[in-house]
Amino acid sequence: MTVRLRAHHLLCMLTFVGEGYTPAFTANYIRIAERLSSGEEIEIVSGPDDICAPLLSGRSAHCHNASVCTRDAAAAEAVSCLLGMPAGDGTRIVPDGKLLARLRRNFAAGTIRRACTDCEWSELCDTVAGHGFKGVLVAAR
Ligand code: SF4
């Protein structure tokens with residue numbers, strides 16, 4: 001099995017502490033966090049992914065919006081640049097401790113966060129990063 005993630009969720013997974021849009025969204029995200037923490041491979045996809053899934057039937061689903069796709073493009077570019085490899089549709093990566101630490105180091109430094117511009121969760125993510133990612137649910141075992 002692989003966890004299907006759109007590119008900007010490569011950043012969001014770094015600061016996930018159990019908060020989200022709806023109880024169903026959060027419960028699903030927690031299950032995905034467990035899978036990622038156990039090292040399950042990520043496949044980068046374009047458009048809605050496994051994290052988005054519980055939102056897609058709702059009227060307020062924003063997962064197809066152009067602004068979200070723009071966020072994906074910015075995240076893909078930043079992660080590609082950081083890792084020196086493509087981080088686009090179909091790319092597979094393993095979220096091991098080394099990768100998570102590298103992403104978090106750069107997230108905290110602000111060098112891979114252009115995708116976060118105007119995100120409603122920015123304040124929470126800033127706080128989580130500022131506290132050394134304490135309490136995050138995606139953490140290599
Ligand atoms: S600020 Fe928004 S886009 Fe950036 S990591 Fe947090 S939730 Fe994801």
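Reference entry: report on the structure contained in this document. Source: prediction; values computed, not measured.

Rules used in this analysis
Residues numbered from 1 in each chain as written. Predicted model: local features only at pLDDT ≥ 70, side-chain atom pairs only at ≥ 80, totals over all residues. Heavy atoms only, no water. Helix = DSSP H or I, 4+ residues; strand = E, 2+ residues; numbered from the N terminus. Contact = heavy atoms within 4.5 Å.

### Description of unusual backbone geometry
Logical step 1: For Asp118, which is not glycine, the phi dihedral falls at a positive 65°.
Logical step 2: With respect to the helices, strands and loops of the structure, Asp118 is situated in the loop between α4 (97–109) and α5 (122–130).
Logical step 3: Phi angles above zero are rare outside glycine, and Phe133 is one such case at about 60°.
Logical step 4: With respect to the secondary-structure elements, Phe133 resides in the segment after α5.

### Concerning the environment of Pro95
Logical step 1: One can find Pro95 in the loop between β3 (92–93) and α4.
Logical step 2: Taking the C-alpha atoms as reference points, Pro95 and Gly20, 75 residues apart in sequence, are found 21 Å from one another.
Logical step 3: In this structure, Pro95 is in contact with Leu36, Gly39, Glu40, Glu41, Ile42, Leu100 and Ala140, ignoring residues within four places of it in sequence.

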